[in-house]
Amino acid sequence: MDLPVVNHKDYFAKIGDDHKFPINKFGELANYLIKEKIVKKFHTPYPCSDETLKKAHSEKYIENVKNKTLDEITIKKIGFPLVDSVVQRSLVATGGTVLTSKLAIKNGVACNTAGGSHHANFES
């Protein structure tokens, strides 16, 4: 059995070269897994649905993220600039978590290369 690994090109968000978070690690990990033949191909997630997002966040919060209208305090709490590529990454990475969960149930194990950039909590 090949190890099921989830990856998406949008895991790399444009947060600025001077940002302290090592966003390049997501692309570097994907390249390493392919180069070392650990993974032949990736499973590609879709952006997470609003229905699923509502299990962890309020509809207002989801709307504010998508419209990039969050207040400065909440943006600072997130730790990333609220730009299109970060919004897209958030949706795709969450979709990747859902897909990885399904693959793990089916296969006994699965990995998502987008891990390590968010501390989950409910946002209203």
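Residues numbered from 1 in each chain as written. Predicted model: local features only at pLDDT ≥ 70, side-chain atom pairs only at ≥ 80, totals over all residues. Heavy atoms only, no water.

What to know about a nonpolar patch on the surface
Inference 1: A cluster of nonpolar side chains, namely Leu3, Leu29, Tyr32, Ile38 and Val109, defines an oily patch on the protein surface of about 390 Å² accessible area.
Inference 2: One can find Val109 in the loop between helix 5 (84–107) and strand 2 (111–112). (Patch = residues over 30% accessible without salt bridge, like charges linked within 9 Å, V, L, I, M, F, W, Y side chains within 5 Å. Areas by Shrake-Rupley, 256 points an atom, 1.4 Å probe, with all protein chains shown as cover. Salt bridge = Lys/Arg side-chain N within 4 Å of Asp/Glu carboxyl O. Helix = DSSP H or I, 4+ residues; strand = E, 2+ residues; numbered from the N terminus.)

A short note on the confidence of the model for the protein
Inference 1: With 91% of its residues at a pLDDT of at least 70, the protein reaches an overall mean of 88.
Inference 2: Within the protein, helix 4 (residues 72–78) has the poorest average pLDDT of any element, 87, and strand 1 (residues 5–6) the best, 96. (pLDDT = per-residue confidence, 0-100.)

Examining unusual backbone geometry
Inference 1: Phi is positive for Lys37, close to 60°, though the residue is something other than glycine.
Inference 2: Here Lys37 is to be found in the loop between helix 1 (25–35) and helix 2 (50–53).
Inference 3: Of note, Lys68 is a non-glycine position whose phi angle comes to about 60°, a positive value.
Inference 4: Relative to the helices and strands, Lys68 resides in the loop between helix 3 (59–66) and helix 4.
Inference 5: Judged by relative accessible area, Lys68 falls into the partly exposed class, the value being 37%. (Buried < 20%, exposed > 50% of the residue type's maximum accessible area, 1.4 Å probe, protein only.)

A closer look at the pattern of salt bridges
Inference 1: Inspection of the entire model under this criterion finds four salt bridges.
Inference 2: In this structure, Lys54 engages Glu59 in a salt bridge whose closest nitrogen and oxygen atoms are separated by 3.7 Å.
Inference 3: The partly exposed category is assigned to Lys54, whose relative accessible area is 41%.

Things to note about helix 1
Inference 1: Taken together, the buried positions of helix 1 are occupied by Phe26, Ala30 and Leu33. For helix 1, the angular spread of the buried residues around the axis is 65°, confining them to a single face. The exposed residues of helix 1 that point more than 90 degrees off its buried face are Glu28, Asn31 and Lys35.
Inference 2: Buried positions along helix 1 lie against strand 1 and helix 5.
Inference 3: Lys37 occupies a position one or two residues after helix 1 and carries a positive phi of about 60°. (Arc of directions from axis to C-beta. Contact = heavy atoms within 4.5 Å.)

Let's talk about the packing of aromatic side chains
Inference 1: For the structure shown, the criterion picks out zero aromatic pairs.
Inference 2: It is Arg89 that lies over the ring of Phe26; its NZ or CZ is 4.3 Å from the centre. (Phe/Tyr/Trp six-rings, centres within 6.5 Å; stacked < 30°, edge-to-face > 60°. Lys NZ or Arg CZ within 6 Å of the ring centre and 35° of its normal.)

As for the nonpolar core
Most often, soluble globular proteins have nonpolar side chains that are buried together.
Inference 1: Ranked by internal contacts, the top residues of the largest apolar core, which has 14 residues, are Tyr11, Ile15, Phe21 and Ile23.
Inference 2: The leading source of residues in this core is helix 5, at four residues.
Inference 3: Apart from the residues lying within four places of it in its own chain, the contact partners of Ile23 are Tyr11, Phe12, Ala13, Ile15 and Arg89.
Inference 4: Membership of the second largest hydrophobic core comes to ten residues, among which are Ile62, Leu70, Leu82 and Leu91. (Core = buried A, V, L, I, M, F, W, Y, C linked by side-chain atoms within 4.5 Å.)

Notes on the environment of Lys9
Inference 1: On the secondary structure map, Lys9 appears in the loop between strand 1 and helix 1.
Inference 2: On the basis of relative accessibility, which here comes to 67%, the residue Lys9 falls in the exposed class.
Inference 3: Considered as a pair, Lys9 and Lys35 are 26 residues apart in the sequence and their alpha carbons are 16 Å apart.

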